[in-house]
Amino acid sequence: MSVIDLSALKGGLKELPPLSLYIHFPWCVKKCPYCDFNSHEFKPQAGSIAIHDAANVGRNGVGQGFDEMAYVDTLLRDFELSLPAIWGRPITTIFMGGGTPSLFSPQAMDALLSGLRARARIHPDAEITMEANPGTFELERFAGYRSAGINRLSIGIQSFHPGHLQALGRIHDGDEARRAVEIALTHFDNVNLDLMYALPQQTLAQALADIDTAISYGVSHISAYHLTIEPNTLFAVQLPANLPDDDLSADMQEAIEARLEGAGYVHYETSAFGKPGRFARHNVNYWQFGDYVGIGAGAHGKISAHDGIVRDMRYKQPAAYIQAVADGQPVQTRNKVGRKDLPFEFMMNLLRLTGGFESRLFTERTGLPVSCIQSPLQQALAGGLIEQDLTYIRPTLKGQRFLNELLTLFLHEEGEV
């Protein structure tokens, strides 16, 4: 760690960053063994309900069905309670994540988006993304999502290989994955495919075969994530056998990056590859330390004001969240980000961008001058982890590969001022 000089600095933002909206849908058909997101299985009675009818079963409980329109009403009430903190600011992107948002009907999504537009300024060119999983796809259903105003899909493919899908606990097979992409492209020209690599028993050729299949569809964006074993997941309790070792995983990463870049995708963030002009605008706002309101069970938010930055989190359990919103208190935790933590929080996001960032953005988003981080910047330069000129700071390839070591330089040490 390095000394970050915050002495005699008041900080404060002169202007506010762009604002996004994240909406969390906490239900899914099956909890995947690698997933540490806030997601809860619904359980239709006796298996007699089709996946696309899930929202019509039961009410609001964990491990039960859910009432989709009641949840939409809760989301809109939650949003109303958030308005005083963002009044007058336009929303530039919306992202519906989960869980599995595509368990909700087009009618529910239309009611949600119409309600949001009635309550706030949604930019006319806003990117509106919905996550969807194969197994929840029907042609007419996705035509309805497009009509409701959703203009970007992010599909959780993970792999096209049946054996690897089974190892990951996914509910779909390879054929369903391909059909999902084909249906998506019928109605959407902006589609992301999520893929994973370094899977149990996966070879380098198999990892590249998944990438090649994704490329063959000509989608606008591909995300390629290394499988990580997260705490509080089934994989953390019972480690899957035959995971690729570090050398093979590194070979996969390098080969995947080369294959995607060769196909015309720009590697603009650690795990993100987009066609020119088709980067994920919502995620870019996160990575550029922009603001976002988070509504829905367990959603996180970050809101800037001229006197500082506040992070909050909603109640995670769906039933507890719904009751908290009814009581007018959906936020479980709210914390102001201290000045000492701002450099690390900023760098934790911005250094994920392979092209780096303009130096002025540090001051614009934190209220602190770049001079306060000169010591860690110099150490990073000396270690070959970043490049810096008069206007830009960017991670080198070494810095991208050893991102955690790079970020450690910007951690605040106890006793610093």
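Position labels on residues start from 1 in each chain and follow its written sequence. Whole-chain, interface and lining totals are the exception, using all residues; otherwise, since this is a predicted model, local features are given only for residues with pLDDT of at least 70 and side-chain atom pairs are given and counted only at 80 or more. Hydrogens and water are ignored here; the side-chain numbers use all heavy atoms of the structure.

(A) Structural detail: the pattern of salt bridges. Between Lys or Arg on one side and Asp or Glu on the other, a salt bridge is scored when a side-chain nitrogen of the former is within 4 Å of a carboxyl oxygen of the latter. Considering all chains together, one arrives at 16 salt bridges under this definition. Put simply, glutamate 269 and arginine 352 hold a salt bridge, and the shortest N to O gap is 2.5 Å. In this pair, glutamate 269 sits in strand E9 (residues 266-269) while arginine 352 sits in the loop between helix H11 (342-350) and strand E15 (357-358), placing the two residues 83 residues apart along the sequence. For every residue, the accessible area obtained with a 1.4 Å probe (protein chains only) is divided by the maximum for its type, and the residue is called buried under 20%, exposed over 50%, and partly exposed between those limits. By relative accessible area, which is 26% here, arginine 352 ends up partly exposed. As a salt-bridge pair, lysine 302 and aspartate 291 come within 2.8 Å of each other at their nearest N and O atoms. Here lysine 302, found in strand E12 (residues 300-305), pairs with aspartate 291, found in strand E11 (residues 291-295); they are eleven residues apart in sequence, far enough to count as distant. Residues lysine 302 and aspartate 291 agree in their burial class; the two are buried. A network of salt bridges, in which partner residues are shared, links Arg77, Glu80 and Arg119. Under the DSSP-based scheme used, a helix requires at least four consecutive residues in state H or I and a strand at least two consecutive residues in state E, with every element numbered from the N terminus.

(B) Seen up close, unusual backbone geometry. In this structure, glycine 99 follows glycine 98 across a cis peptide bond, with omega equal to 25°. For glutamine 201, which is not a glycine, the phi torsion comes out positive at approximately 65°. Take glutamine 201: it is sitting in the loop between strand E7 (191-197) and helix H6 (204-216). A positive phi is found at phenylalanine 289, a non-glycine position, where the angle reads about 60°.

(C) Representation of the nonpolar core in the model. We call a set of buried Ala, Val, Leu, Ile, Met, Phe, Trp, Tyr and Cys residues a nonpolar core when their side-chain atoms join them within 4.5 Å. Membership of the largest hydrophobic core comes to 70 residues, with the highest contact counts inside it found for Ile23 and Met96. If one sorts the elements of this core by residue count, helix H1 (residues 68-86) sits on top with seven residues. Here, residues are in contact when the closest pair of their heavy atoms is within 4.5 Å. Once residues lying within four places of it in the same chain are set aside, the contact partners of isoleucine 23 are Leu75, Ile94, Phe95, Met96, Gly97, Leu112, Leu116 and Ile295. Ranked by size, the runner-up nonpolar core spans 31 residues in total, among them Val284, Leu350, Leu407 and Leu409.

(D) Region of the structure containing the packing of helix H3 (residues 139-148) against helix H5 (residues 174-187). Think of each axis as a best-fit line through the C-alpha atoms, taken over the contacting stretch in the case of a helix, with angles from 0 to 180 degrees between the N-to-C directions. The contact between H3 and H5 brings their axes to 9 Å, and the two run at 40°. Classed by the angle they form, the pair H3 and H5 counts as oblique. At the point where H3 passes H5, the crossing takes the right-handed sense. On H5, the residues touching Leu139, Phe142, Ala143 and Arg146 of H3 are Ile183, Thr186 and His187. For the contact of H3 with H5, the class distribution of residues is four nonpolar, two polar and one charged. Roughly parallel covers angles under 35 degrees, roughly antiparallel covers those over 145, roughly perpendicular covers 65 to 115, and oblique covers all other angles. In this scheme the crossing of two helices becomes right-handed for a clockwise turn of the near helix relative to the far one and left-handed for an anticlockwise turn of less than a right angle. When residues are sorted by character, Ala, Val, Leu, Ile, Met, Phe, Trp, Tyr, Cys and Pro go into the nonpolar class, Asp, Glu, Lys and Arg into the charged class, and all the rest, Gly among them, into the polar class.

(E) The pairing of E12, seen in detail. Two strands form a pair only when DSSP identifies at least two bridges running between them. Pairing geometry for E12 and strand E13 (residues 308-314), over six bridges, is antiparallel. Across the sheet, serine 304 pairs through a bridge with isoleucine 309, a residue of E13.

(F) Geometry of the pairing of E9. Inspection of the sheet shows E9 paired to strand E10 (residues 272-274) by three bridges, in the antiparallel sense. Bridging across to E10, histidine 267 finds its partner in phenylalanine 273. Where E9 hands over to E10, the hairpin turn is made up of two residues, counted between the paired strands.

(G) Examining the packing of H1 against helix H10 (residues 318-326) more closely. The N-to-C vectors of H1 and H10 enclose an angle of 50°; their axes lie 9 Å apart at closest approach. With respect to H10, the axis of H1 lies oblique. With respect to the hand of their crossing, H1 and H10 are arranged in left-handed fashion. Note on element contacts: H10 touches H1 through Tyr321, Ile322 and Val325, opposite Tyr71, Thr74, Leu75, Arg77, Asp78 and Leu81.

(H) Looking closely at the side chain of serine 220. By secondary structure assignment, the location of serine 220 is in the loop between H6 and strand E8 (221-226). At 2.7 Å, the side chain of serine 220 forms a polar contact with the side chain of asparagine 190. Polar contact is defined as a pair of N or O atoms within 3.5 Å, subject to the rule that within protein one atom must be able to donate a hydrogen and the other to accept it, and that residues adjacent in sequence are counted only when both atoms are side-chain atoms.

(I) Structural detail: the environment of glycine 355. Of note, glycine 355 is situated in the loop between H11 and E15. Glycine 355 gets classed as partly exposed once you look at its relative accessible area, which sits at 40%. For the pair formed by glycine 355 and histidine 267, sequence separation is 88 residues and the distance between their alpha carbons is 8.9 Å. Other than its neighbours up to four places away in sequence, glycine 355 contacts Tyr268, Tyr392 and Arg394.

(J) Structural detail: the side chain of histidine 164. Here histidine 164 lies in helix H4 (residues 162-167). The class for histidine 164 is buried, based on a relative accessible area of 5%. There is a polar contact of 3.3 Å between the side chain of histidine 164 and the side chain of glutamine 206. When residues no more than four places from it in sequence are discounted, the contact partners of histidine 164 are Ser159, Leu199, Pro200, Gln201, Gln202 and Gln206.

(K) Seen up close, H5. Helix span is expected to be 1.5 Å times the residue number reduced by one. In this model H5 runs 21 Å from its N-terminal to its C-terminal C-alpha over 14 residues, within 8% of the 20 Å that 1.5 Å per residue would give. Of the residues making up H5, those classed as buried are Gly174, Ala177, Ala180, Val181, Ile183 and Ala184. Along its buried surface, H5 packs onto H3, strand E6 (152-158), H4 and E7. With a side-chain oxygen lying 3.2 Å from the backbone nitrogen of aspartate 175, the N-terminal cap of H5 falls on aspartate 173.

(L) Broad picture of the sheet that holds strand E16 (residues 386-388). What the three strands build is an open sheet, ordered E15-E17-E16; its pairing is antiparallel. Looking at the sheet topology across the chains shown, the edges are occupied by E15 and E16. Inspection of the sheet shows E15 paired to strand E17 (residues 392-395) by two bridges, in the antiparallel sense. Paired with phenylalanine 357 across the bridge in E17 is isoleucine 393. This element, helix H13 (residues 374-382), spans E16 and E17 of the sheet and lies at about 115° to E16.

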